[in-house]
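Coordinate analysis (summary)
Chain by chain, the residues run as shown.
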Amino acid sequence: MAVVDIKSPKEIEAMRVSCLMAAETLTLVGEHIRAGMTTDDINTFVHDDTLKRGAYPSPLNYKGFPKSVCTSVNDIVCHGIPGAQVLKDGDIVNVDVTTFFGGFHGDTSATFYIGRPTPETRHVTEVARKALEIGIAEVREGARLGDIGAAIQEYAEAEGCSVVRDFVGHGIGRKFHEPPQVKHYGKRGQGERLKAGMIFTIEPMVNLGSFEVRVDPKDKWTVYTVDGSLSAQFEHTILVTRTGVEVLTKRPRPLRASENVATIFV
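Just so we're clear, the structure is a prediction, and the values are computed from it rather than from any experiment.

1. Some points on the side chain of threonine 125
Tracing the backbone shows threonine 125 in helix H3 (residues 119–137). Not counting residues up to four positions away in its chain, the partners in contact with threonine 125 are Ile92, Thr111, Tyr113, Ala232 and Phe234.

2. Re the sheet that holds strand S6 (residues 162–163)
Taken together, the 3 strands give an open sheet; going across it, the order is S6-S10-S13, and neighbouring strands pair in antiparallel fashion. A strand with exactly one partner marks an edge of an open sheet, and here the two such strands are S6 and strand S13 (231–233). Pairing analysis gives 3 bridges linking strand S10 (residues 205–207) to S13, with the strands arranged antiparallel. Each bridged residue has a counterpart across the sheet, and for valine 206 the counterpart in S13 is alanine 232.

3. Section: the environment of threonine 71
Inspection of the secondary structure puts threonine 71 in strand S2 (residues 70–73). Given a relative accessible area of 2%, threonine 71 falls into the buried group. In this structure the C-alpha to C-alpha distance between threonine 71 and valine 97, which are 26 residues apart in sequence, comes to 9.3 Å. For threonine 71, the contacting residues outside a window of four places in its chain are Thr39, Ile42, Gly80, Ile81, Pro82, Val93 and Asn94.

4. Notes on the packing of aromatic side chains
In this description, an aromatic ring pair is defined by two values, namely the gap between the centres and the angle between the planes. Applying the stated rule across the entire model yields 2 aromatic pairs. Residues tyrosine 62 and phenylalanine 176 carry aromatic rings whose centres are separated by 4.8 Å and whose planes lie at 55° to one another, so their mutual orientation is tilted. Placement of tyrosine 62 in the loop between strand S1 (56–57) and S2 and of phenylalanine 176 in the loop between strand S7 (169–171) and strand S8 (178–182) is noted, with a sequence separation of 114 residues between them. Over the ring of tyrosine 185 we find arginine 165, and its NZ or CZ is 5.2 Å from the ring centre. Above the ring of phenylalanine 211, the side-chain terminus of arginine 165 is found at 4.1 Å from the ring centroid.

About the criteria used
- Residues numbered from 1 in each chain as written.
- Predicted model: local features only at pLDDT ≥ 70, side-chain atom pairs only at ≥ 80, totals over all residues.
- Heavy atoms only, no water.
- Helix = DSSP H or I, 4+ residues; strand = E, 2+ residues; numbered from the N terminus.
- Contact = heavy atoms within 4.5 Å.
- Pairing = 2+ DSSP bridges.
- Buried < 20%, exposed > 50% of the residue type's maximum accessible area, 1.4 Å probe, protein only.
- Phe/Tyr/Trp six-rings, centres within 6.5 Å; stacked < 30°, edge-to-face > 60°.
- Lys NZ or Arg CZ within 6 Å of the ring centre and 35° of its normal.

Written out as structure tokens, the structure reads:
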């Protein structure tokens, strides 16, 4: 089993800074996102906002990834590459922001509604949002990683959705991705035991149809649902504490075009 890094108080404080930066950038994305924008417009905004903070966008050139943010629209599960695609009314798009500052990465994402949600986009998005909340609620010292995955899987499947198996959450700190792997499915009581000082992401990818996915053979990055069904995702970077959990990427205010419309449309 890979060794999981336990962060020192100094490292945790540095992580709080990079994570807050990522959360603030994502919050501003929600205030700008709209129909008619391209996903490359989102990339430009995230890139510029990150640099203004004196930070660096972690995805840029990471293992060859060509952009500063991931934008995953409709049936794209994750790692969507920003480009000329125009966002249309009724679309959903996950925007995944990771900020590198002071030697540490902060990682967070959210799914946004473009215009008025359809019943299908609303269902998969709200299940994904709640799945993340349920996963975070399992985090406490002494719990196991399997408890997180089991809780997410039980909820999503009860809502008629599926949870992606091929991509998981991860430890984070000085490295963008480090141990442990955080599966969003599994069995309670299994997996590594959580210890105070662990920092990792929880980022369930929830599909309206099958959990099976495929990677675009041309760009080697973009991940699609095999059956073409909608997919949504939310992500936070969290810290295991002596008393429970701290959400390091907690946002300063509700997300426009996401949290603020979650209960408006029925």
